[in-house]
Amino acid sequence: MAEERKGAVTMRGNPMTLVGPEIKVGQKAPNFTVVGKGMAPATLDQFKGKVKIITTVPSLDTPVCDAETRRFNVEASNLPGDVQILSVSMDLPFAQARWCGAAGVDKITTLSDWRSASFGTSYGALIKELHLLARAVFVVDKNDNVTYVEYVKEVAEQPNYEAALAAAKKAAAA
């Protein structure tokens, strides 16, 4: 049975339970299996040697998630070439591709956790009550060590972009 953290986040003020361990700075990033483009499996190992900004959002088709993903897409242009931005949600890969095309989002990789919630339960970001991912940002260095973590306390709010981007730039320079 996976660890449960009751009240770890709220959704519009309502306490929610996160399933999985709380990830901490300094630990090894857990591996995961999600679904990428063309329904192909994707894992952490596919991004080895890169700094990864991994964002989790409930659904790209909601206003805050839309704004966050567009913002990270814009910020991607200002990051070193060895930084990869991954956005993980429960949206189906087809819906992610449609949304990216309509939004002009082309500098981040969208990944779907709908099949097994492997990412959500490995990174402690699965909202038990909704079977959606909480809003969170993880920065993982080239050696797969976690260098930054933010679980956004109120899921309907945006993350601290500046802190996440600074952590990614620092990891890329190391």
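See the structure printed just above.
First, a word on what this report is: a plain description of the structure on this page. Everything numeric here is computed off the predicted structure, so don't read it as measured data. (Residues numbered from 1 in each chain as written. Predicted model: local features only at pLDDT ≥ 70, side-chain atom pairs only at ≥ 80, totals over all residues. Heavy atoms only, no water.)

## Considering the environment of Val149
(1) Moving on: Here Val149 is to be found in strand E11 (residues 146-151).
(2) Moving on: On a C-alpha basis, the gap between Val149 and Leu18 in space is 15 Å, while along the polypeptide they are 131 residues apart.
(3) Moving on: Non-local contacts of Val149, meaning those with residues more than four positions away in its chain, are made with Ile23, Lys24, Val25, Val137 and Phe138. (Helix = DSSP H or I, 4+ residues; strand = E, 2+ residues; numbered from the N terminus. Contact = heavy atoms within 4.5 Å.)

## Overview of the pattern of salt bridges
(1) Moving on: One pass over the structure, following the stated rule, counts 13 salt bridges.
(2) Moving on: The partner of Lys48 in a salt bridge is Asp144, with the nearest N and O atoms 2.8 Å apart. Note that Lys48 is positioned in the loop between strand E4 (41-43) and strand E5 (51-56) and Asp144 in the loop between strand E10 (136-140) and E11, a separation of 96 residues in sequence.
(3) Moving on: Classification of Asp144 as buried rests on a relative accessible area of 4%.
(4) Moving on: Between Arg98 and Asp61 there is a salt bridge; the shortest N-O distance is 2.9 Å. One end of the pair, Arg98, is in helix H2 (residues 93-103); the other, Asp61, is in the loop between E5 and helix H1 (63-75), and 37 residues separate them in sequence.
(5) Moving on: Asp61 gets classed as partly exposed once you look at its relative accessible area, which sits at 46%.
(6) Moving on: Through salt bridges with shared partners, a single ionic network connects Asp45, Lys48, Lys52 and Asp144. (Salt bridge = Lys/Arg side-chain N within 4 Å of Asp/Glu carboxyl O. Buried < 20%, exposed > 50% of the residue type's maximum accessible area, 1.4 Å probe, protein only.)

In short, the description is geometric, and any link to function would need to be established separately.
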